Amino acid sequence: MKTEWHTIIIGAGAAGLFAAPYAAKAGATLVIDHAKKPGEKIRISGGGRCNFTNMYAEPKNFVGQNPHFHKSALARFSQWDFVELVDQAGIAWHEKTLGQLFCDEKSTQIVEMLTTRLAEAGAELALNTSISAVAKTEGGFQLETSQGQLTCENLIIATGGKSIPKMGATGFAYDIARQFGHQIIETSAGLVPFTFPDGRFAALSGVSLPVRIWNDLASFEEALLFTHRGLSGPAILQISSYWQPGEPVHIDLTHGLNLREALRTQRQTEGRRQLSTELSRHLPGKLVDHLATEWADQFDLTQRLADQSDKALDAMLDQLSDWQLTPSGTEGYRTAEVTLGGVSTDGLDSKSMMSKTIPGLYFIGECVDVTGWLGGFNFQWAWASAHAAGRHIAEA
């Protein structure tokens, strides 16, 4: 391997692979990763089908301390720009739900598309390569690697966050950012299941239903899934990115149901039945049984429906439509899909992703304090931020 490069990109994930062909237009470009294969998080994403973007991606779908920073990159490389590349590569795709776009076949098609574009642009890929030190030089940067000393004019950090450490995720990007004087917004697990003590919902494991979930910052209408450890499903993953430890979340179990009208009608026709029996016609039976026990001090669901006054029914329905739960925590980085926080956007130029204080140093993708919702939005940020950095290098 040669030792002098125009651009070195650390991280062969979605952002790093995508930035390479653009940067390569300006000169010799190398992508380095300690992994054995490129794009491993792409490979496992979307159940092996890769939810590569979202039809409805826009700035409001992203979380970060600066709600405006990501607007520039997303505007200059949209979801439709990436879809065009997918089409050109002959990859068949479909919309699943809520604008989520998936490969018809397998996620490795996206990895192959990215590595093919990289190779065709003349960029190179060095896997199984670790980095022990990075230093600033007069002409750029010097890297100490397991393949020897390398130098470059431009350095792009695209090593992601801390989520899914079993796939090799580390805090490398944050270490480099701190080394060069950048602030790190405290990181935490995002798009992650909630945990509850003492196996509170273990008996309900596998039960799922559509809900509305909210707190003071956000609201989502998605499916909730009970697990042995707590709560999961799209609704939970979404709200987790807006949740702080110790806070409750609000869940409307009656979402999409006109339960008040239904129970009053059933009271006339099925009044001799138990309230729990009639509730089970609309909600999962195991959930109703659980609530009958958990709420026994407030409501007796074994009573006949005919014996329930409007006031009593309303009180129970109010509880069902605003079930307040306080998680003990989350499952953490082990199962988190993304990392919240990261390299502060205050120190980066929004048009280029370049450091405002260290010319030639770029941070892109998940390591930056920009986190998307569930549903392809984080891949879109990877593509857009990589495009911004790569194009800036090419046009400099």
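Description of the structure in this document.

What counts, and at which threshold
- Positions within a chain are numbered from 1, following the residues in the order the chain's sequence is written.
- In view of the model being predicted, local features appear only for residues whose pLDDT reaches at least 70, and side-chain atom pairs are presented and counted only at 80 or more, with totals across whole chains, interfaces and linings using the full set of residues.
- Only hydrogens and water are removed before side-chain values are computed, so all heavy atoms of the structure are retained for them.
- For the purposes of this entry, the term helix denotes a DSSP run of H or I that reaches at least four residues, the term strand denotes a run of E that reaches at least two, and both are numbered from the N terminus.
- Only protein chains enter the calculation, and the probe is 1.4 Å; a residue is then buried if its accessible area is under 20% of its type maximum, exposed if over 50%, and partly exposed in between.
- The contact definition used throughout considers only heavy atoms, calling two residues in contact when any of these lie within 4.5 Å.
- Only when DSSP finds a minimum of two bridges between them are two strands counted as paired.
- Lines fitted to C-alpha atoms define the axes, with helix axes restricted to the stretch in contact, and inter-axis angles between N-to-C directions lie between 0 and 180 degrees.

Looking only at helices and strands, the chain features twelve helices and 21 strands. With the principal axes as the frame, the chain shows a C-alpha extent of 85 × 40 × 35 Å. Burial analysis of the chain (396 residues in total) assigns 53% to the buried set. For the chain, the proportion of contacts with a sequence separation of at least 24, taken over those separated by at least 6, is 73%.

Let us look at the pairing of strand S9 (residues 140-145). Examined bridge by bridge, strand S8 (residues 131-137) and S9 share six bridges and lie antiparallel to one another. Its bridge partner lying in S9, Thr 137 is registered against Gly 140. Linking S8 back to S9 in an antiparallel pair, the connection comprises two residues. Taken together, the five bridges between S9 and strand S10 (residues 148-157) define a ladder with antiparallel strand orientation. Its bridge partner lying in S10, Phe 141 is registered against Cys 152. Count of turn residues in the S9/S10 antiparallel hairpin: two residues.

In space, the seven strands of this open sheet follow the order S17-S16-S13-S14-S15-S12-S18, with antiparallel pairing throughout. Lying at the two open borders of the sheet, with one neighbouring strand each, are strand S17 (323-325) and strand S18 (329-330). Sheet analysis places strand S12 (residues 194-195) next to S18, joined by two bridges and oriented antiparallel. Residue pairing in the sheet places Thr 195 in a bridge with Gly 329 of S18. Across the face of the sheet, helix H11 (residues 310-321) comes into contact with strand S13 (208-214), strand S16 (249-252) and S17 while running at roughly 120° to S16.

Strand order in this open sheet of three strands is S3-S6-S5, and the pairing throughout is antiparallel. Either end of the sheet is taken by a strand with one partner, and the two such strands are strand S3 (51-54) and strand S5 (93-95). Neighbour-to-neighbour, the strand axes of the sheet open up by a mean angle of 30°, direction not taken into account. Relative to strand S6 (residues 100-103), S3 is paired through three bridges, and the arrangement is antiparallel. In the sheet register, Asn 51 faces S6, and the bridge partner there is Phe 102. Those strands touched by helix H4 (residues 79-88) are S3, S5 and S6, and its axis lies near 140° from that of S3.

Here we take up helix H1 (residues 14-23). Burial analysis of H1 places ten of its ten residues in the buried class, which makes it a mostly covered element. Buried within H1 are the following residues: Ala 14, Ala 15, Gly 16, Leu 17, Phe 18, Ala 19, Ala 20, Pro 21, Tyr 22 and Ala 23.

Take unusual backbone geometry next. We note that Ile 164 has phi near 55°; this positive angle belongs to a residue other than glycine. Here Ile 164 lies in the loop between S10 and helix H6 (172-179). For Ile 164, a relative accessible area of 13% translates into the label buried. The backbone phi angle of Met 353 is positive, close to 70°, even though this residue is not glycine. Mapped onto the elements of the fold, Met 353 is located in the loop between strand S19 (338-343) and strand S20 (361-363).

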